[in-house]
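A structural walkthrough
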Amino acid sequence: MRQTAPADRTADGRTDGETSGETDGETGGENVFGLITPEDWFRIPLLPEERRAASVSALVKRQFAGVDDQPVLRRQAEEQLLGAAEAGVEQGGVVLYLSFLEAGGIPLSASLLISRIHQRFDGLDAVSALRDKGETALVRLPAAGRAARRRRSERTRESRRLGTEFADTIVEYFVPVPDRDEVLMLTFSTPLEPIADSMVELFDAVAGTLRWQKTAQTTLKQATQTAQAAQTAQTTQEPRGQQA
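Presented here is a report on the structure given in the accompanying data block. Just so it is clear, the model here is predicted, and its values are computed rather than measured.

1. Quick look at the packing of helix H1 (residues 49-63) against helix H2 (residues 71-90)
Each pair of packed helices can be described by the angle between their axes along with the distance between the axes. Close contact between H1 and H2 brings their axes to 10 Å; oriented N to C, the two are set at 145°. Helix-helix and strand crossings are classified by hand; for H1 and H2 the assignment is right-handed. Seen from H1, the contacting residues are Arg52, Ala53, Val56, Ser57, Leu59, Val60 and Lys61; seen from H2, they are Arg74, Ala77, Glu78, Leu81, Leu82, Ala85, Glu86 and Val89. When the residues that make up the contact of H1 with H2 are grouped by side-chain class, the tally is 9 nonpolar, 1 polar and 5 charged.

2. Notes on helix H5 (residues 196-207)
Here H5 is 12 residues long and its end C-alpha atoms lie 16 Å apart, about the 16 Å a rise of 1.5 Å per residue gives. Turning to H5, the residues buried within the fold contact strand S6 (36-37), strand S7 (41-45), strand S12 (135-141), strand S13 (145-154), strand S14 (168-176) and strand S15 (183-190).

3. A word on the pairing of strand S11 (residues 111-117)
The pairing of strand S8 (residues 93-99) with S11 spans 5 bridges and is antiparallel. Of the residues in S11, the one forming a bridge with Gly93 is Ser115. In terms of strand pairing, S11 meets S15 through 7 bridges, oriented antiparallel. Bridge pairing in S15 links Leu112 to Phe188.

4. Some thoughts on the pattern of salt bridges
Enumeration according to the criterion identifies 7 salt bridges in this entry. Between Asp204 and Arg149 there is a salt bridge, and its shortest N-O distance comes to 3.1 Å. Here Asp204, found in helix H5, pairs with Arg149, found in strand S13; they are 55 residues apart in sequence, far enough to count as distant. For Arg149, a relative accessible area of 16% translates into the label buried. Sharing partners across several salt bridges, the network here consists of Lys133, Arg150, Arg152, Glu154 and Glu172.

5. Section: the sheet that holds S15
With respect to topology, 7 strands assemble into an open sheet ordered S7-S8-S11-S15-S14-S13-S12, the strand pairing being antiparallel. The open sheet has two edge strands, S7 and S12, and neither has a second partner. Within the sheet, the average angular offset between the axes of one strand and its neighbour, ignoring direction, is 20°. Pairing of S7 with S8, which is carried by 5 bridges, proceeds in the antiparallel orientation. Bridging from a neighbouring strand, Trp41 pairs with Ser99 of S8.

6. What to know about the packing of aromatic side chains
Taken as a whole and judged by the stated rule, the model has 5 aromatic pairs. Ring centres 6.5 Å apart and planes at 65° place the aromatic pair Trp41 and Phe203 in the edge-to-face group. Remark: Phe203 occurs in helix H5 and Trp41 occurs in strand S7; sequence separation between them is 162 residues. Of the two residues, Trp41 and Phe203, neither departs from the other in class, the shared state being buried. For the ring pair Phe188 and Phe203, a centre distance of 5.0 Å and an interplane angle of 20° mean the geometry is stacked. Here Phe188 is found in strand S15, whereas its partner Phe203 is found in helix H5, with 15 residues between them in sequence. Of the two residues examined, Phe188 and Phe203, each falls in the buried class. A connected cluster of aromatic rings, assembled from ring pairs, spans Trp41, Tyr173, Phe188 and Phe203.

7. Some points on the side chain of Arg150
Residue placement: Arg150 occurs in strand S13. Among the polar contacts listed, one links the side chain of Arg150 to the backbone oxygen of Leu130, at a separation of 3.4 Å. Within the structure, Arg150 has its side chain in polar contact with the backbone oxygen of Lys133 (distance 3.4 Å).

Criteria and thresholds
- Position numbers for residues count from 1 along each chain, tracking the sequence in the order it is written.
- Only residues with pLDDT of at least 70 get local features here, since the model is predicted, and only at 80 or more are side-chain atom pairs given and counted; chain-wide, interface and lining totals rely on the full set of residues.
- Each side-chain value is derived from all of the structure's non-hydrogen atoms; neither hydrogens nor water enter the calculation.
- Axis angles are defined between N-to-C directions and span 0 to 180 degrees, where every axis is a line fitted to C-alpha atoms and, for a helix, only to the segment in contact.
- Runs of E in the DSSP output that reach at least two residues are strands. Runs of H or I that reach at least four are helices, and both are numbered from the N terminus.
- We call a crossing left-handed when the near helix sits turned anticlockwise from the far one by less than a right angle, and right-handed when that turn is clockwise.
- Note on definitions: a residue-residue contact is assigned when non-hydrogen atoms from the two residues lie within 4.5 Å.
- We call Asp, Glu, Lys and Arg charged. Ala, Val, Leu, Ile, Met, Phe, Trp, Tyr, Cys and Pro are nonpolar, and the rest, Gly among them, are polar.
- By this rule the span expected of a helix is its residue count minus one, scaled by 1.5 Å.
- Strand pairing requires that DSSP identify at least two bridges connecting the strands.
- In what follows, salt bridge is the name for a side-chain nitrogen of Lys or Arg lying within 4 Å of a carboxyl oxygen of Asp or Glu.
- Under the scheme applied here, a residue whose accessible area is under 20% of the maximum for its type counts as buried, over 50% as exposed, and between as partly exposed, the area being computed with a 1.4 Å probe on protein chains only.
- Any two rings among Phe, Tyr and Trp, with Trp reduced to its six-membered ring, count as a pair given centres within 6.5 Å; such a pair is stacked if its planes are under 30 degrees apart, edge-to-face if over 60, and tilted if neither.
- Two N or O atoms count as a polar contact when they lie within 3.5 Å, although within protein this holds only if one can serve as hydrogen donor and the other as acceptor, and sequence-adjacent residues are included solely when both atoms are side-chain atoms.

So this is what it looks like as structure tokens:
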């Protein structure tokens, strides 16, 4: 597993924090969320568009490293990934994770879309609204606190297009953003219905690592560490005198 926030290296090699996209007026900081994901989950920031395209390009370059004779497959892969990323943006997504895990040479396909919902969270109302489709319950995440969780199955447009007989297994978490009328939505999905229960255990483990931090606190901590390092360097530096 790898830790991916509050700051992590993204697909295009830049460092960025996962944010709710809103500034908390009381503190002057943003609610930054962090997750711990498996190392072979590739992270694609969805906004802005230029960054999204750069991340997809970096992913394709990595997947086709050393393969120079498959330009058509490479182009198709890039178009498919861009389509998935754009679909995530249409759903209010801010970050998309794609799994490239393998077990015994078999890809363990999965995705995680993190989206924002601009409305106040009420746990009982959320469960009531979600109960019509899937298994829904109120849960408590170890660091992020209360949330609504729903597990459901769905024959997606992609699965129908590919002609597969399996439905996608989807696990959704709805987590209130601290101090805001906003909800963070984590949507895990896998087409591997025969091992769905094992994949759901992984999804729940990842969701359980969600945590919040204020960017202002992060900045203060970094400034303090920098000042302490500078003071230490100044203390230990030998005075420079003239040569005799």
